[in-house]
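Spelled out from the first residue to the last, the chains are:
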Amino acid sequence: MEAFISSLTARLSPASKVLQDTTTSEFKASLARWSDIDVRVPYAIVRPAGEQDIVSTVQEAVKAGIPFVPASGGHSPWSTVGQEGIVIDLSRYKGSSLHPETSEATVKGGTLMKELEVSLHPHKRFAAAGNGNTVGVIPYYLGGGISIYRPLIGFGSDNLIAAKLVNAKGELVDVSETENSNLLWALRGAGQFFGLVTEITIKTYPYSLLGNEEG
Ligand SMILES: Cc1cc2nc3c(=O)[nH]c(=O)nc-3n(C[C@H](O)[C@H](O)[C@H](O)COP(=O)(O)OP(=O)(O)OC[C@H]3O[C@@H](n4cnc5c(N)ncnc54)[C@H](O)[C@@H]3O)c2cc1C
């Protein structure tokens, strides 16, 4: 395991972090989950700062045969692993942007629900986002995603247009209706089981659809 950690650390950008000291506040904060039932303590927590860092982490883990789980908002019991593996904490890689021409939003890594909604507010737009402020956007959309807006705009998964994911071979793959389209339908219906999703592109809607210009 130490050889894997050394090899991985050498490939990561300086802004990324590999946490191994379980007593530090950073390790504890990263491992905190919505419920502490069944939370396991990994050998290390990797906090990649960029997309290439995520790809490198998956590639090194696959090469060394080390089990890993991604973590975004930490609302499930499934984003932890024991001493045999590592957690890839996506909270250092986040952000969302609205494409002016299509009004679609691209949401990266560990972006949380409220962070997405706050970024859309200046544009007076909303998405099929739930009201759990600290739920991870990507796992929510991959898991179906039900919100108060569902009768108007459907489930989160209905609003998923494209994605980028790192597959089991450690390849970064573009997913859309025209590229690897089978994977798009897989992500829409069966969520987290096809790779580590580094970003998603989703539909957004004007506040006027809610009958309330203030959102
Ligand atoms: C308080 C609370 C409120 C909720 N509200 C709603 C709601 O209103 N509507 C709704 O539909 N659901 C809701 N949920 C359920 C929630 O959407 C799911 O549990 C979701 O998977 C949590 O995502 P997370 O990032 O917070 O959790 P995490 O534990 O970080 O991740 C959840 C799962 O996704 C995996 N994962 C994380 N990031 C990625 C990634 N980038 N690529 C691939 N896999 C990844 C993890 O390994 C884990 O298996 C709620 C849950 C809680 C606890």
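Up top is the structure these notes are about.
Just so you know, these numbers come straight off a predicted model, no measurement behind them.

> Go over the overall build of the protein chain with me, naming the residues and quoting the values.
A tally of regular secondary structure across the protein chain gives seven helices and 11 strands. For 215 residues, the compact-globule estimate of 2.2 N^0.38 gives 17 Å, and the C-alpha radius of gyration of the protein chain, at 17 Å, lies within 12% of that figure. Put simply, the protein chain has 215 residues, and 47% of those count as buried. Sequence-distant contacts in the protein chain: of pairs separated by 6 or more residues, those separated by 24 or more amount to 59%. Accessible area of the protein chain: about 10500 Å², with a carbon and sulfur share of 55%. Taken together, the 18 basic and 22 acidic charged side chains of the protein chain have centroids lying 2 Å from each other.

> Could you give an account of helix α7 (residues 181–190), naming the residues involved and the relevant values?
Residues of α7 that are buried: Leu183, Leu184, Ala186 and Leu187. Each buried residue of α7 sits inside an arc of 165 degrees when the element is viewed along its axis, so together they form one side. Of the exposed residues in α7, the ones pointing more than 90 degrees away from its buried face are Asn182 and Gly189. Gly191 sits one or two residues past α7 and shows a positive phi near 45 degrees.

> Please provide a residue-by-residue account of the environment of Leu187, values included.
Mapped onto the fold, Leu187 is located in helix α7. Through-space distance from the C-alpha of Leu187 to that of Val197 is 9.2 Å; in sequence the pair is 10 residues apart. Other than its neighbours up to four places away in sequence, Leu187 contacts Leu142, Leu160, Ala163, Leu165, Val175, Phe194 and Val197.

> Could you give me a rundown of unusual backbone geometry, with the residues and numbers involved?
The phi angle at Asp38 is positive, at roughly 65 degrees, despite the residue not being glycine. If you trace the backbone, Asp38 turns up in the loop between α2 (25–31) and β2 (44–47). Backbone geometry at Ser103 places phi at a positive 60 degrees, although glycine is not the residue there. Residue classification places Ser103 among the buried positions, given a relative accessible area of 18%.

> Can you lay out the pairing of strand β8 (residues 160–166) for me, pointing to particular residues and giving the numbers?
Within β8, six of the seven residues are buried, which leaves it mostly tucked inside the rest of the structure. As paired elements, β8 and strand β10 (residues 196–203) share six bridges and run antiparallel to each other. Bridge pairing in β10 links Ala162 to Thr201. Here β8 pairs with strand β9 (residues 172–175) via four bridges, running antiparallel. Note on β9: the bridge partner recorded for Val166 is Leu172. Between β8 and the antiparallel strand that follows it, β9, lie five residues; Gly170 among them carries a positive phi value of about 80 degrees.

Cut-offs used in this document
Residues numbered from 1 in each chain as written. Predicted model: local features only at pLDDT ≥ 70, side-chain atom pairs only at ≥ 80, totals over all residues. Heavy atoms only, no water. Helix = DSSP H or I, 4+ residues; strand = E, 2+ residues; numbered from the N terminus. Rg over C-alpha atoms; globule rule 2.2 N^0.38 Å. Buried < 20%, exposed > 50% of the residue type's maximum accessible area, 1.4 Å probe, protein only. Contact = heavy atoms within 4.5 Å. Areas by Shrake-Rupley, 256 points an atom, 1.4 Å probe, with all protein chains shown as cover. Lys, Arg positive; Asp, Glu negative; His and termini not counted. Charge placed at Lys NZ, Arg CZ, Asp CG, Glu CD. Arc of directions from axis to C-beta. Pairing = 2+ DSSP bridges.

Shape is all these values report; function is a separate question.
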